[in-house]
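Coordinate inspection notes
These are the residues of each chain, in order.
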Amino acid sequence: FMRDDKGHVRQIIGISYDITARKLAEEALRENEAKLRLALDAGQTATWSWDVVRNISTWDERYKQQHGFTDTKDLSFVGWMARVHPDDQQALENRLNTILLSPAEDNWNMEFRIVHPDLGERWMWGLGKAKRNSAGNVISMAGINMDITQRKRSEHHQALLMNELNHRVKNT
């Protein structure tokens, strides 16, 4: 402010910036985040990420619910692997090692079982992708997880019905 001898403001000096583009970009980002959340909610889909370098896992609330995590001390690779069904652990470790050691392998696409502390055996479908640095080393992975237990139960029931039908056809 520039004042005269009596202290009255006579001139204002300032700078203004046109932030219209930034505000439009922020609004577009909010809209995209809302669409993503809607799609994830509609598909009952959880999200996860793993900072391989720092060995830090980040899971959204749905992921924690899917696996029955209530205590933050279990939120680690070791805690996650402890929930994986024992018969599926080796296959998951093998795939993970393949991704970590083979630059041509970046996609995580696995169906596996977990043992939920309250709900028992549950089927999960995990999809994700590795991100590599310029040396080709995996620095992070991120993806989604879906509970496909109902689908697996339906497939099992359908297989039982087909076996029964085949048995009856053979015995008529």
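Position numbers for residues start from 1 in each chain and track the written sequence from start to end. At least 70 in pLDDT is required for a residue's local features to be given in this predicted model, at least 80 for side-chain atom pairs to be given and counted, and no such filter applies to totals for whole chains, interfaces and linings, which use all residues. Excluding hydrogens and water, the side-chain values take into account all heavy atoms of the structure.

Some points on the sheet that holds strand β6 (residues 120-132)
- One open sheet holds the five strands; their spatial order is β4-β3-β7-β6-β5, and the pairing between them is antiparallel. Where the open sheet ends on each side, the last strands, each with one partner, are β4 (56-59) and β5 (107-116). Ignoring strand direction, the axes of neighbouring strands in this sheet form an average angle of 25 degrees.
- DSSP-based pairing: two strands are paired if at least 2 bridges between them are found. Secondary structure elements follow DSSP: runs of H or I of four or more residues count as helices, runs of E of two or more count as strands, with numbering from the N terminus. Relative to β4, strand β3 (residues 45-51) is paired through four bridges, and the arrangement is antiparallel. Comment: axis = line fitted to C-alpha atoms, over the contacting stretch for helices; angle = value between 0 and 180 degrees taken between N-to-C directions.

Some points on the pattern of salt bridges
- When a carboxyl oxygen of Asp or Glu lies within 4 Å of a side-chain nitrogen of Lys or Arg, that pair is called a salt bridge. By the definition in use, this model includes 15 salt bridges.
- Among the salt bridges present, the one from Asp 88 reaches Arg 113, with a minimum N-O distance of 2.9 Å. Residue Asp 88 is found in helix α4 (residues 86-101), and its partner Arg 113 is found in strand β5; the two are separated by 25 residues along the sequence. Accessibility assignment for this pair places Asp 88 and Arg 113 in one class, buried.
- Of the charged contacts, one joins Lys 152 and Glu 111 as a salt bridge, the two residues approaching to 2.8 Å between their closest N and O atoms. One end of the pair, Lys 152, is in helix α5 (residues 149-170); the other, Glu 111, is in strand β5, and 41 residues separate them in sequence.
- Each residue is placed in one exposure class: buried if its accessible area under a 1.4 Å probe, protein chains only, is under 20% of its type's maximum, exposed if it is over 50%, and partly exposed if it falls in between. Here Lys 152 falls in the buried class, since its relative accessible area comes to 17%.
- Each of Arg 22, Lys 23 and Glu 26 takes part in salt bridges that share partners, so that together they form one network.

Thoughts on the pairing of β4
- Here β4 shows a buried face lined by Ser 57 and Trp 59 and an unburied face lined by Ile 56 and Thr 58.
- Once β3 ends, the chain turns through four residues before running back antiparallel as β4, passing Asn 55 with a positive phi of about 55 degrees.

Remarks on the side chain of Lys 64
- Inspection of the secondary structure assignment puts Lys 64 in helix α2 (residues 61-67).
- For Lys 64, a relative accessible area of 19% corresponds to the buried category.
- Apart from residues no more than four positions distant in its own chain, Lys 64 is found in contact with Trp 59, Phe 69 and Leu 75. Any two residues whose heavy atoms approach within 4.5 Å are treated as being in contact.

Comments concerning the pairing of β5
- Across 10 bridges, the pairing between β5 and β6 is antiparallel. Note on β6: the bridge partner recorded for Ile 114 is Arg 122.
- Hairpin connection of β5 to β6: three residues between the antiparallel strands.

Points about unusual backbone geometry
- You will see that Gln 44, though not glycine, has its phi angle at about 50 degrees, which is positive.
- Backbone geometry places Asn 55, a non-glycine residue, at a positive phi of 55 degrees.
- Along the chain, Asn 55 turns up in the loop between β3 and β4.

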